[in-house]
Amino acid sequence: MKISIIYYSETDTTKQVAEWIAEGIKSVQGTEVGLFNLKDDEAPDRPFVEASSAVIFGTPTYVANMCWQMKKFFDTHLEYNLAGRIGSAFSTEGSPHGGGGELAIMTLINHMLVKGMLIYSSGSGCGRPFIHIGPTVVRTQIAEREEICNLFGKRIAEKAKELFN
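Residues numbered from 1 in each chain as written. Predicted model: local features only at pLDDT ≥ 70, side-chain atom pairs only at ≥ 80, totals over all residues. Heavy atoms only, no water.

Moving on to the packing of aromatic side chains. Using the criterion set out here, one finds five aromatic pairs in the structure. Ring centres 5.3 Å apart and planes at 65° place the aromatic pair Phe73 and Tyr80 in the edge-to-face group. Given a relative accessible area of 4%, Tyr80 falls into the buried group. Three or more aromatic residues link up through ring pairs in this structure, and these residues are Phe57, Phe73, Phe74 and Tyr80. (Phe/Tyr/Trp six-rings, centres within 6.5 Å; stacked < 30°, edge-to-face > 60°. Buried < 20%, exposed > 50% of the residue type's maximum accessible area, 1.4 Å probe, protein only.)

Turning our attention to the pairing of strand 2 (residues 32-37). In the sheet, strand 1 (residues 2-7) pairs with strand 2 via six bridges, with the strands oriented parallel. Looking across to strand 2, one finds that Ile6 is bridged to Phe36. Read as a crossover between parallel neighbours, the route from strand 1 over helix 1 (residues 13-26) to strand 2 is right-handed. (Pairing = 2+ DSSP bridges. Helix = DSSP H or I, 4+ residues; strand = E, 2+ residues; numbered from the N terminus. Right-handed = clockwise from strand over helix to strand, strands pointing away.)

Attention shifts here to the layout of surface pockets. For the largest pocket, the calculated volume is near 240 Å³. Lining the largest pocket are 13 residues, with Leu38, Asp40, Gln69, Lys72 and His77 sitting closest to its centre. Split into classes, the residues belonging to the lining of the largest pocket amount to five nonpolar, three polar and five charged. (1 Å grid on protein atoms, 1.4 Å probe; cavity = no way out; pocket = protein on both sides within 12 Å on 5 of 7 lines; lining within 4 Å. Points joined across faces, edges and corners; volume = space filled by probe spheres on them. Nonpolar A, V, L, I, M, F, W, Y, C, P; charged D, E, K, R; others polar.)

Counting residues in hydrophobic clusters, the biggest one holds 26 residues, and the most contacted among them are Ile3, Ile5, Ile21, Ile25, Ile56 and Phe90. In terms of nonpolar packing, the next biggest core, distinct from the first, is built from 21 residues, Phe57, Met70, Phe74 and Tyr80 among them. (Core = buried A, V, L, I, M, F, W, Y, C linked by side-chain atoms within 4.5 Å.)

As for its placement among the helices and strands, Thr92 is situated in strand 5 (residues 86-93). What makes Thr92 buried here is its relative accessible area of 4%. Within the local environment of Thr92, its side chain forms a polar contact with the side chain of Thr14, the two groups lying 2.7 Å apart. In this structure Thr92 touches Thr13, Thr14, Val17, Thr59, Pro60, Thr61 and Val137, once residues within four positions along its chain are discounted. (Polar contact = N/O pair within 3.5 Å; in protein donor to acceptor, adjacent residues only side chain to side chain. Contact = heavy atoms within 4.5 Å.)

With that out of the way, let us pick up the pairing of strand 1. Working note: regular strand, side chains alternate between the two faces of the sheet. Within strand 1, five of the six residues are buried, which leaves it mostly tucked inside the rest of the structure. Relative to strand 3 (residues 52-62), strand 1 runs parallel, the two being bridged by six bridges. Residue Ser4 lies in a different strand from strand 3, and its bridge partner there is Val55.

A few words on the packing of helix 1 against helix 5 (residues 146-164). To characterise two packed helices, one gives the angle between the axes of the helices and the distance between these axes. Running from amino to carboxyl end, helix 1 crosses helix 5 at an angle of 50°, the nearest separation of the two axes being 6 Å. One finds that helix 1 runs oblique with respect to helix 5. In this structure, the crossing between helix 1 and helix 5 has a hand that is right-handed. Contacts between helix 1 and helix 5 involve Val17, Trp20, Ile21, Glu23, Gly24 and Ile25 from the first element and Glu146, Cys149, Asn150, Phe152, Gly153, Lys154 and Ala157 from the second. (Axes fitted to C-alpha atoms, helices over the stretch in contact; angles between N-to-C directions. Parallel < 35°, antiparallel > 145°, perpendicular 65-115°, else oblique. Left-handed = near helix turned anticlockwise from the far one by under 90°.)

Structurally, Thr11 is set in the loop between strand 1 and helix 1. Residue Thr11 is classed as exposed on the basis of its relative accessible area of 56%. Between the C-alpha atom of Thr11 and that of Ile119, which follows or precedes it by 108 residues, the distance is 28 Å.

Below you can see the structure in the form of structure tokens.
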């Protein structure tokens, strides 16, 4: 089973979170992860993404929203067929005082719904720790969030395996 993580990372904070989520995904037997940084000039590997049971999007938070690079992906790569796949999201932010990370995730969810994706975060259904809409990671507290990011990836992979295998 394949799972894609599409993210944008300029300073490597969002990249680190994506890698931790990928570790959690890989802990579920039979999973393969594709990591795609929109900072690279190439578009994400379309055949891999379209073969994925789940696609997780990650964005740094800019002005209480997702980054423009992620918005550009959704606006210009209409050819990616993501309908029926699990869609999930995470965000990073520079400050814990704005609440912008959650807004960035909710904006990503809007775009995933337009693509016909099945939104999943594990919510409270998997017990504590709850991951309500997706992890938000503050840059200055990144080391404290590794475990929750691993758990998030694991839960997404387990749900994808339950639904699609």
